Amino acid sequence: MRKTTRLCTALALAYAACAPAMAQETLERVSITGSSIKRLESETALPVTVVTREQIEKSGATNVEDILRRVGANTGMLSDATQGAGYATSNANMRGLGANSTLILLNGRRLAGHPFGSIGGSVSVDLNSIPFAAIDRIEVLRDGASAIYGTDAVGGVINFITRRDYNKGELTLRYGNTEGGYGGGEKGVSLAFGMGDLVKDRYNLLLTANFKEQERIKAVDQGLYLRHATEVPGSAPPTSFRAFPGRLMDIGVTPGAYANPGANMAACDPVNTVVQTAGTTPNGNPLQRCRAIYAAMLDNLPDSKKTDVYGRGTFDIGGGHQVFLEGSMARNATIGRAAPSPLDEAAAKVRADGTYPPFLMPTSSRYFPQALLTRLGFTASDWDADGDGFTNIATRSLDMGNRVSDNTNEQFRVVAGANGAFAGWDYDMGLNLAQARGTLVYDGYLLEAPYLAALRSGNINPFGPNDAAGIALLNGASLRGEVRRSKGTTLAFDAKASRDIGKLDGGAMAVAVGIDLGKEKADDRATNPGYGAGLHV
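The paragraphs below set out a description of the structure included in this document.

Here is what the cut-offs are and how they apply
- Residues numbered from 1 in each chain as written.
- Predicted model: local features only at pLDDT ≥ 70, side-chain atom pairs only at ≥ 80, totals over all residues.
- Heavy atoms only, no water.
- 1 Å grid on protein atoms, 1.4 Å probe; cavity = no way out; pocket = protein on both sides within 12 Å on 5 of 7 lines; lining within 4 Å.
- Points joined across faces, edges and corners; volume = space filled by probe spheres on them.
- Helix = DSSP H or I, 4+ residues; strand = E, 2+ residues; numbered from the N terminus.
- Nonpolar A, V, L, I, M, F, W, Y, C, P; charged D, E, K, R; others polar.
- Disulfide = S-S within 2.5 Å.
- Buried < 20%, exposed > 50% of the residue type's maximum accessible area, 1.4 Å probe, protein only.
- Pairing = 2+ DSSP bridges.
- Axes fitted to C-alpha atoms, helices over the stretch in contact; angles between N-to-C directions.
- Salt bridge = Lys/Arg side-chain N within 4 Å of Asp/Glu carboxyl O.

Side note on empty space enclosed by the protein
Turning to step 1, where the next piece is worked out: This model, assessed by the stated rule, comprises five cavities of 30 Å³ or more.
Turning to step 2, where the next piece is worked out: Roughly 100 Å³ of volume is contained in the largest cavity.
Turning to step 3, where the next piece is worked out: Along its surface, the largest cavity is lined by Asn63, Val64, Leu127, Asn128, Ile130, Phe132, Asn210, Lys212, Lys306, Thr307, Asp308 and Arg331.
Turning to step 4, where the next piece is worked out: For the lining of the largest cavity, the secondary structure elements donating two or more residues are β8 (203-214) and β14 (303-318).
Turning to step 5, where the next piece is worked out: Top contributing element to the lining of the largest cavity by residue count: β14, with three residues.
Turning to step 6, where the next piece is worked out: Here the lining of the largest cavity is built from residues that sort into four nonpolar, four polar and four charged.

Set out below in structure tokens:
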């Protein structure tokens, strides 16, 4: 015989009181990344990682790239902060399969891939085009989804979902600097404003804006390339034989490595070169040459300015139907600085016969260090073995400064669509127009043929500072200004509908139908013929 206690009676009454409320609760069916069928969020069997707005704020991330660095499946991503490069694009790379195998979506729809492509040449979406302040959550599908989205989703899918019910205002100011004070200062501002409640007011409007500016970090100021001294005692920093002052390749001597090398000769700079001894000269003196610490001559972090603006309006038109219109604009400008151009035959363009053009200066040039070489015991048969009056050199173009890549990327996007339920079907449709534009401006580069001609004239000094005539020749051989311009456009229409068609022991059985029409066009061209032909060094 069962006896009912007061406690059991109280619990029974409490649950009985809750039962009507629980019966009235309806769990919302939502779109899940990687599936065309709306379902309860808890029903998905797909390996989807969700990063919420709260997690983003707690992480301290200031842009989309910062967030995705924390996603384990995103490995080997390409960054617009690449040392010395300044490509101005950031690309995700799911499971290490490449940026062009990772699909990036904004509210479930595509963006235009930047036609510059990644460093490897593949076209992929620049993460800087995502409106950072508008993000509500990020859904990361850690498995391939080519059956749903196509071959560009082989690596996985990252879907950025914007806020839909935000009706507040928020202003965030950011400032930061490095502890060492060697650059890299960051400042920014984010604005988010929303109004309207879809349930009460039958509309919601959202506007966000984000700006971030970061200054360069010079490698020479940070000094990370000097870690070898403590991490591997006795080792040397990373160096290259293409140094300034230059080297006479036929005999392996750098004039600037010796005391009193002669007029117009520069000494090896201890900041960005090391002196190497490699045997002896014919009269027994140490054979010395400079090696460039190229890692000291570039930027560890480029200058950058990033701006994005996003707006979305959602309207409830009754009967379970909604229409929406969203638009966004993003601009990212980055200035990267690599070490000055290395100048020797191995850096030149290969010729049809498989050889490289030598970098020759005449031995009759006023910059040829004949007095020093004679003092070291060398003769003309050493520096000009074939007797043609020229000798081979290797140097680095410090007169031209760093190789500078000034890259500006812009993204524009407009989407209009509708969603809701009709005759038992959940539907979603939209028209998407997105465009990406990019320009690349060079400075500090040299065109191979004009430089070789100037060097052969004898008026270029590879061992020290150039006079006005030498600078004029270098300027005449320089590659400066806009060298590349691109535009990529995506026009797409998609529509899909799904509904339950039965019940199984494990849950509902559903079906989905849809159509996805798209046209992509890329126009990527060189605006400088020398750059287009690859004739720069």
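Regarding the state of the cysteines
Turning to step 1, where the next piece is worked out: Going through the model one piece at a time under the given rule, you end up with one disulfide.
Turning to step 2, where the next piece is worked out: Disulfide pairing places Cys268 opposite Cys290 at an S-S distance of 1.4 Å. A residue pair is termed long-range when its members are at least 10 positions apart, and Cys268 in the loop between β10 (247-248) and β11 (273-280) and Cys290 in strand β12 (residues 286-292) qualify at 22 residues.
Turning to step 3, where the next piece is worked out: The exposure class assigned to Cys290 is buried, which follows from its relative accessible area of 0%.

Digging into the sheet that holds strand β6 (residues 169-176)
Turning to step 1, where the next piece is worked out: The strand order β6-β7-β8-β14-β15-β19-β20-β21-β22 describes an open sheet built from nine strands, whose pairing is antiparallel. Two strands bound the open sheet, and with one partner strand each, they are β6 and β22 (507-526). Direction aside, the axes of adjacent strands within the sheet are offset by 10° on average.
Turning to step 2, where the next piece is worked out: Of the strand pairs in this sheet, strand β7 (residues 186-195) and β8 are connected by ten bridges, and their pairing is antiparallel. Residue pairing across strands places Leu191 opposite Ala209, the latter belonging to β8.

Observations concerning the pairing of strand β20 (residues 425-446)
Turning to step 1, where the next piece is worked out: For strand β19 (residues 403-422) and β20, the ladder comprises 19 bridges, and the chain directions are antiparallel. Looking at the pairing, Ser405 lines up with Tyr442 of β20.
Turning to step 2, where the next piece is worked out: Between the end of β19 and the start of β20, which pair antiparallel, lie two residues, with Ala423 showing a positive phi angle near 55°.
Turning to step 3, where the next piece is worked out: Examined bridge by bridge, β20 and strand β21 (residues 478-504) share 19 bridges and lie antiparallel to one another. Bridging across to β21, Gln435 finds its partner in Thr489.

Describing the pairing of β22
Looking along a regular strand, one sees the side chains alternate between the two faces of the sheet.
Turning to step 1, where the next piece is worked out: Where β21 and β22 come together, 20 bridges link them in antiparallel fashion. The residue bridging Arg484 from the neighbouring strand is Ala526, located in β22.
Turning to step 2, where the next piece is worked out: Linking β21 to β22, which pair antiparallel, is a turn of two residues.

Some details on the pattern of salt bridges
Turning to step 1, where the next piece is worked out: Tallied over the entire structure, the rule returns 22 salt bridges.
Turning to step 2, where the next piece is worked out: The shortest N-O distance in the salt bridge between Lys187 and Glu213 comes to 4.0 Å. Taken together, the positions of Lys187 in strand β7 and Glu213 in strand β8 put the pair 26 residues apart, joining distant regions of the chain.
Turning to step 3, where the next piece is worked out: By relative accessible area, Lys187 is classed as partly exposed at 46%.
Turning to step 4, where the next piece is worked out: The class of Glu213 is partly exposed, set by a relative accessible area of 23%.
Turning to step 5, where the next piece is worked out: With a closest N to O distance of 2.7 Å, Arg413 and Glu326 form a salt bridge. Of this pair, Arg413 sits in strand β19 while Glu326 sits in strand β15 (residues 321-338), and the two are 87 residues apart along the sequence.
Turning to step 6, where the next piece is worked out: The buried category is assigned to Arg413, whose relative accessible area is 3%.

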